[in-house]
Amino acid sequence: MVAVISGRSHHVQLFPMLALDGRKTDIHKLAETKGCHTMTSGTVCQGAHTCLCVARKSQVFCYELFQSKKISHRKFKELQIPANVQWMAIFSEQLCVGFQSGFLRYPLRREGSPYRMLHSHDPTLSFIVHQPVDALCAIEISSIEYLLCFKSIGIYTDSRGLRSRPTELMWPATPTYCRYNAPYLSVYSENAVDIFDVNSMEWIQTVPLKKVRPLNSEGSLNILLSETIRLIYFTNKMTYGDELVFPETSDSHQKQMVRHLHSKRRYSFRVPRGKERLPIGL
């Protein structure tokens, strides 16, 4: 199924995958999500259950989703975060929540107190609290180490929330988004995307693209907001094969994304006439 935030009231609505083919389908609306601003999904219980977590200011609603003939849901948890939620993700059976100057991990399938990912008892990290900074994302490097990405700095911590490495990652420009595709961290700014290896802490590449935004959690698919709207695909050379697959009939080298005349929010692909079919790719 597909979950979207839509409408003036910013409700979450659930659609079956058939809706992507243009078919008429039932829409399942989550009524209490009015005013939400971000969401994340993932699996728990070794993939047996699908969860959707929706944030509305400093509240998070956690749902279990079901799909047979009809879409249905069950709210199983409601969380109160210390500040407005700025980022969320589900990993290792936990919901990781980022907010100004902090990250917390909440157990999803059981009750319990959240785990601090940035401990105030570490004196080398106190500057984060004294100079409030926005949270961008957290990365689970291993079961005992995390990378916490803030708008001004990236900090490595252990499972107790204490510093695990003496040095930090410094951004070459003020970031707007961070995306992770192991072992690479993509840091987006106004004029470029900078790529870091999170293990070696090397700044390995800069892609000079202005006004580019990520469209997925890995940062492999992006949209370029220039005069001609374009999709940009970043491939990870460390993986086998491409994550994005085009049908054999698509002339993907010649595709352009164009905005519909009657709707500023609707886009489609256009292939110029007279172009010969080219090899598959983007």
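Residues numbered from 1 in each chain as written. Predicted model: local features only at pLDDT ≥ 70, side-chain atom pairs only at ≥ 80, totals over all residues. Heavy atoms only, no water.

Draft legend 1. Geometry of the overall build of the chain. The secondary structure content of the chain amounts to 1 helix and 23 strands. The 282 residues of the chain split such that 41% are buried. Here the contacts in the chain between residues at least 6 apart in sequence split such that 38% fall between residues at least 24 apart. Surface accessibility of the chain: about 16700 Å² in total, with carbon and sulfur atoms responsible for 50%. (Helix = DSSP H or I, 4+ residues; strand = E, 2+ residues; numbered from the N terminus. Buried < 20%, exposed > 50% of the residue type's maximum accessible area, 1.4 Å probe, protein only. Contact = heavy atoms within 4.5 Å. Areas by Shrake-Rupley, 256 points an atom, 1.4 Å probe, with all protein chains shown as cover.)

Draft legend 2. Main features of the pairing of strand β4 (residues 38-44). Going residue by residue along β4, you find Thr38, Thr40, Gly42 and Val44 tucked away on one face and Met39, Ser41 and Thr43 left uncovered on the opposite face. Note: β4 against strand β5 (residues 49-56), 7 bridges, orientation antiparallel. Following the sheet pairing, threonine 40 is matched in β5 by cysteine 53. (Pairing = 2+ DSSP bridges.)

Draft legend 3. Up close: the pattern of salt bridges. Per the counting criterion, the structure on display carries 6 salt bridges. Of the charged contacts in the structure, one is a salt bridge between glutamate 145 and arginine 165, with a shortest N-O distance of 2.9 Å. In this pair, glutamate 145 is assigned in strand β13 (residues 145-150) and arginine 165 in the loop between β14 (154-158) and β15 (177-181), connecting sequence segments 20 residues apart. For the pair glutamate 145 and arginine 165, one class covers both residues: buried. Residues glutamate 168 and arginine 163 are paired through a salt bridge, measuring 2.9 Å at the closest nitrogen-oxygen approach. On the accessibility criterion, glutamate 168 (25% relative accessible area) is partly exposed. What emerges from the salt-bridge pattern is a single network uniting Glu32, Lys75 and Glu78. (Salt bridge = Lys/Arg side-chain N within 4 Å of Asp/Glu carboxyl O.)

Draft legend 4. Broad picture of the sheet that holds strand β19 (residues 212-214). Spatially, the 3 strands line up as an open sheet ordered β19-β20-β21, and their pairing is antiparallel. Here the strands that pair on one side only, and so sit at the sheet edges, are β19 and β21 (230-233). Neighbouring strand axes in the sheet, compared pairwise and without regard to direction, differ in orientation by 30° on average. (Axes fitted to C-alpha atoms, helices over the stretch in contact; angles between N-to-C directions.)

Draft legend 5. Local environment of the sheet that holds strand β6 (residues 59-67). Reading across the sheet, the 4 strands line up as β4-β5-β6-β7 and stay open at both edges, with antiparallel pairing between neighbours. A single partner strand is all that each edge strand has here, and the edge strands are β4 and β7 (71-80). Taken pair by pair, the neighbouring strands of this sheet meet at an average axis angle of 25°, ignoring direction. Here 9 bridges tie β6 to β7, and the two strands are oriented antiparallel to one another. Looking at β7, one finds that phenylalanine 61 is bridged to glutamate 78.

Draft legend 6. Main features of the confidence of the model for the chain. Counting all residues, the mean pLDDT for the chain is 85, and 84% of those residues have values of 70 or more. This model gives residues 275-282 a pLDDT under 50, and the stretch forms 22 contacts once residues within four places in sequence are excluded. (pLDDT = per-residue confidence, 0-100.)

Draft legend 7. Quick peek at the pairing of strand β16 (residues 184-188). In terms of burial, β16 is a largely internal element, 4 of the 5 residues being buried. Here 5 bridges tie β15 to β16, and the two strands are oriented antiparallel to one another. Across the sheet, residue asparagine 181 finds its bridge partner in β16, namely tyrosine 184. Where β15 folds back on β16, the antiparallel hairpin that results is connected by 2 residues. As paired elements, β16 and strand β17 (residues 193-197) share 5 bridges and run antiparallel to each other. Paired with valine 187 across the strands is aspartate 194, a residue of β17. Counting the residues between successive antiparallel strands, the hairpin from β16 to β17 contains 4 residues.

Draft legend 8. Structural view of the nonpolar core. The biggest cluster of nonpolar side chains holds 31 residues, and the ones touching the most others in it are Phe103, Leu147, Cys149, Phe150 and Leu185. Of all the secondary-structure elements, those providing two or more residues to this core are β8 (87-91), β12 (135-142), β13, β14 and β16. With near-sequence residues (within four places) excluded, leucine 147 lies in contact with Cys137, Ala138, Ile139, Ile141, Gly154, Ile155, Tyr156, Leu169, Leu185 and Val198. (Core = buried A, V, L, I, M, F, W, Y, C linked by side-chain atoms within 4.5 Å.)

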